Amino acid sequence: MALSKEELVEFIYDMVLKAQGKKQLKAMDLQKAVLKAHPDQDKTMVKFAIKELIDTGRCVYTYFGGSFVEIPHEEGAAKH
Amino acid sequence: MSDTPLLDQLESGPWPSFVKDLKRVAARKPAAKDLLKQLDRSYKDKITHWKHGGIVGVLGYGSGIIGRYSDLPDEFPGVEHFHTIRVNQPSGWFYTTQALRDLCDIWDRHGSSILNVHGSTGDMIFLGTTTDELEPTFAELTAKGWDLGGSGSAMRTPSCCVGKARCEYSCYDTMDFCYEMTQEFQFDMHRPSFPYKFKIKCSGCPNDCVAAVARADLSVIGVWKDDIRIDQAAVAAYHAGEIKPRGGGSPYAKLDVKADVTDLCPTACMSFDGKKLAIDNKNCNHCMHCISLMPQALRVGTDTGATLLLGSHAPILEGAQMSWVIVPFTEMEPPYDNIKELIANIHEWWSENGKNRERVGELMLRLGMRNFFKSVGLEPPSQTVRTPRANPFFFWHAEDFEAEAAGRKYIKI
């Protein structure tokens, strides 16, 4: 069954949180995982759920040879 | 002794030196001084001292900021952070002097003052600022109507030649099309969600001034369907040396129409008897050689549009791949809904099947053109055959036999 917008945002956030430090997930990885668990989910809703996570600062885009969605963390490359 | 002895040597030649320019900037920007010192150190160590990537960006965007850090921050604190900002260029790179002043003032206030006009994707590149200055720079840019361009695994900023604004060869309005695509794919440009980068480049004619065929995942190259227009009197004038070839842009004063034009036609579809030029237009491959040599005598046809090609990229191991024709001819009428739909279908197919860091051209080769055409809903025209009559093998599918039994010679893909 398709998730509501709020449920979808939390579903994706949990995936990113669980993967943190273990696997970097691309936006498309998240979409595929959502559709696997909820085949009738609208793809566009997934895109906008990721957008909401980014816009609210709960997740950030990172670039390490490709663009990933991650939980905000300390910049490893920067000197602090 | 100088801090940059190796770089100093680059100032000694007769050519303009970027070192001289950077030293001028270094007089007012400490970052530029450390930039020079770190580069000199790299020349000595024969290794880069830059680290690339990371999490820097502006809120809401996953593109447009490229993180860059020095791996020797204690020695070169001015370039401890030296991030790049890509600013979405206007179509055709037309700026007013006021717009350029605005951009330079913003960058003087918030960054190193060093610009790259323009990067290979087409954006104006602001080189070198700190993490703290990213949001203020972005705020000032947007207040003046600018936006960031694409970077990372995203739609990159579409770019185009000057098109109809300054070129009579242009077979469609490249600037309008480029602008439309930039607006249409804003979401994908600022929020990376593709397996890798995706570039659209738009050239108005086969001269391909933005090198779309070699540099873009989707190359949109203007072309005509009807006959090349000929002004025989002007051909005679070229032959007599009354008009200089290439609009005067050639070292040669006089054109030998037979030797320089018709004999060099790649498909040998032209002939010149000393008085009259004839073109067998059916065999013309639109290379533009003749038109570029005699622009006052020959003009592109009037039934114009564009050819769409897909897949150019230059991977290090496999070597460069040029774009491959997927749509031989399409009308280029705003709002270009057919092309927007096709691009969306290509994105869908690529995102569904592509591996991490696999360009759409690599996927096309890996899964094959048949799979591509079926998936994006295109007919496979004969122009997509890269090397006609060169492959003795044909792989029949079960559907082909079923189609034959049903009385059709070929299946409809």
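Residues numbered from 1 in each chain as written. Chains lettered and ligands numbered in written order. Predicted model: local features only at pLDDT ≥ 70, side-chain atom pairs only at ≥ 80, totals over all residues. Heavy atoms only, no water.

### Focus on the overall build of chain B
The helix and strand tally for chain B stands at 15 helices and 15 strands. Counting only C-alpha atoms and orienting by the principal axes, one finds that chain B spans roughly 75 × 65 × 40 Å. Counting the 413 residues in chain B, one finds 50% classified as buried. Restricting to contacts in chain B with at least 6 residues of sequence separation, those with at least 24 account for 63%. Total accessible area on chain B stands at roughly 20300 Å², and carbon and sulfur atoms take up 53% of it. If the 46 positive side-chain charges of chain B are averaged to one point and the 52 negative ones to another, these points end up 4 Å apart. (Helix = DSSP H or I, 4+ residues; strand = E, 2+ residues; numbered from the N terminus. Buried < 20%, exposed > 50% of the residue type's maximum accessible area, 1.4 Å probe, protein only. Contact = heavy atoms within 4.5 Å. Areas by Shrake-Rupley, 256 points an atom, 1.4 Å probe, with all protein chains shown as cover. Lys, Arg positive; Asp, Glu negative; His and termini not counted. Charge placed at Lys NZ, Arg CZ, Asp CG, Glu CD.)

### Here we look at the sheet that holds strand 15 (residues 324-330) of chain B
Neighbouring strands of a sheet are bound in pairs by backbone hydrogen bonds; such pairs are parallel or else antiparallel. Residues and elements named next belong to chain B. Strands sit in the order 7-8-9-14-15 across an open sheet of five strands; the sheet is mixed. Whereas interior strands pair on both sides, the edge strands pair on one side only; in this sheet they are strand 7 (159-160) and strand 15. Here strand 8 (residues 200-203) runs beside strand 9 (residues 218-224); their pairing, made up of four bridges, is parallel. Residue C202 lies in a different strand from strand 9, and its bridge partner there is V220. Its contacts with the sheet place helix 14 (residues 369-376) against strand 14 (304-310) and strand 15, and it is angled at close to 40° to strand 15. (Pairing = 2+ DSSP bridges. Axes fitted to C-alpha atoms, helices over the stretch in contact; angles between N-to-C directions.)

### Description of the packing of helix 2 (residues 27-37) of chain A against helix 3 (residues 43-55) of chain A
Residue and element names in this part refer to chain A. Here helix 2 crosses helix 3 at 130°, and the two axes come no closer than 10 Å. The angle between helix 2 and helix 3 falls in the class oblique. Two packed elements cross with a definite hand, and for helix 2 against helix 3 that hand is right-handed. Judged by residue contacts, A27, L30, Q31, V34 and L35 of helix 2 engage K43, V46, K47 and I50 from helix 3. (Parallel < 35°, antiparallel > 145°, perpendicular 65-115°, else oblique. Left-handed = near helix turned anticlockwise from the far one by under 90°.)

### A closer look at the interface of chain A and chain B
Counting residues at the interface gives 25 residues for chain A and 31 residues for chain B. Overall, the association of chain A and chain B removes approximately 2400 Å² of surface from exposure, summing both partners, and the carbon and sulfur fraction of that is 54%. At the boundary of chain A with chain B, the tally comes to two salt bridges. With a closest N to O distance of 3.5 Å, D188(B) and K47(A) form a salt bridge. The tally of links from chain A across to chain B stands at 11 residue pairs in polar contact (both at pLDDT 80 or more). Contributions of two or more residues to the side of chain A that touches chain B are made by helix 2, helix 3, strand 1 (60-63) and strand 2 (67-70) of chain A. Here the side of chain A that touches chain B gets six residues from one element, more than from any other, and that element is helix 3 of chain A. Considering only residue class, the side of chain A that touches chain B consists of 10 nonpolar, six polar and nine charged. (Buried area = accessible area lost by both parts, 1.4 Å probe. Salt bridge = Lys/Arg side-chain N within 4 Å of Asp/Glu carboxyl O. Polar contact = N/O pair within 3.5 Å; in protein donor to acceptor, adjacent residues only side chain to side chain. Nonpolar A, V, L, I, M, F, W, Y, C, P; charged D, E, K, R; others polar.)

### Let's talk about the sheet that holds strand 4 (residues 84-87) of chain B
Residues and elements named next belong to chain B. A sheet is described by the order of its strands in space; here four strands give the open sequence 2-4-6-5, paired in antiparallel fashion. Only two strands of the sheet have a single partner each, and these edge strands are strand 2 (65-66) and strand 5 (114-116). One ladder, built from three bridges, connects strand 5 with strand 6 (residues 124-127); its direction is antiparallel. Residue pairing for strand 6: I114 is matched across the bridge by L127. Along the sheet, helix 5 (residues 134-143) makes contact with strand 2, strand 4 and strand 6, crossing strand 4 at roughly 15°.

### Here's the deal with helix 2 of chain A
Those residues of helix 2 of chain A that fall on the buried side of the exposure criterion are A27(A), M28(A), L30(A), Q31(A), V34(A) and L35(A). The buried residues of helix 2 of chain A occupy one face: seen down the axis, they fall within an arc of 155°. Those residues of helix 2 of chain A hidden inside the fold are in contact with helix 1 (5-19), helix 3 and strand 2 of chain A together with helix 12 (337-353) of chain B. (Arc of directions from axis to C-beta.)

### Digging into the domain arrangement of chain B
Residues and elements named next belong to chain B. Considered domain by domain, chain B is made up of domain 1 (5-143), domain 2 (159-225 + 303-405) and domain 3 (229-299). Counting residues at the interface gives six residues for domain 2, matched by six residues for domain 3. It is Y169, N207 and W224 that lose the most area in domain 2 upon contact with domain 3, and together they represent 74% of the buried surface on that side. At the boundary of domain 2 with domain 3, the tally comes to three residue pairs in polar contact (both at pLDDT 80 or more). Of the residues in the side of domain 2 that touches domain 3, the class split is five nonpolar, one polar and no charged. (Domains from an automatic or database assignment.)

### Re unusual backbone geometry
Residue and element names in this part refer to chain B. With an omega of 0°, the peptide bond running from V117 to H118 counts as cis. Geometrically, the link from P334 to P335 is a cis peptide bond, its omega value of 10° lying close to zero. For K46, which is not glycine, the phi dihedral falls at a positive 55°. In this fold, K46 is placed in the loop between helix 3 (30-45) and strand 1 (50-52). Take K46: its relative accessible area is 74%, and that puts it in the exposed class.

### Brief notes about the environment of L59(B)
On the secondary structure map, L59(B) appears in the loop between strand 1 and strand 2. With 79 residues separating them along the chain, L59(B) and F138(B) place their C-alpha atoms 9.8 Å apart. Not counting the four nearest positions on each side in its chain, L59(B) is found in contact with I54(A), D55(A), G57(A) and E135(B).

### Brief notes about the pairing of strand 9 of chain B
All names here are of chain B. The buried count for strand 9 comes to seven of seven residues, which makes it a mostly enclosed element. Neither face of strand 9 is open: one carries L218, V220, G222 and W224, the other S219, I221 and V223, and all of them are buried. Of the pairings in the sheet, the one linking strand 9 to strand 14 comprises seven bridges and is antiparallel in character. By the bridge assignment, W224 is partnered in strand 14 with T304.

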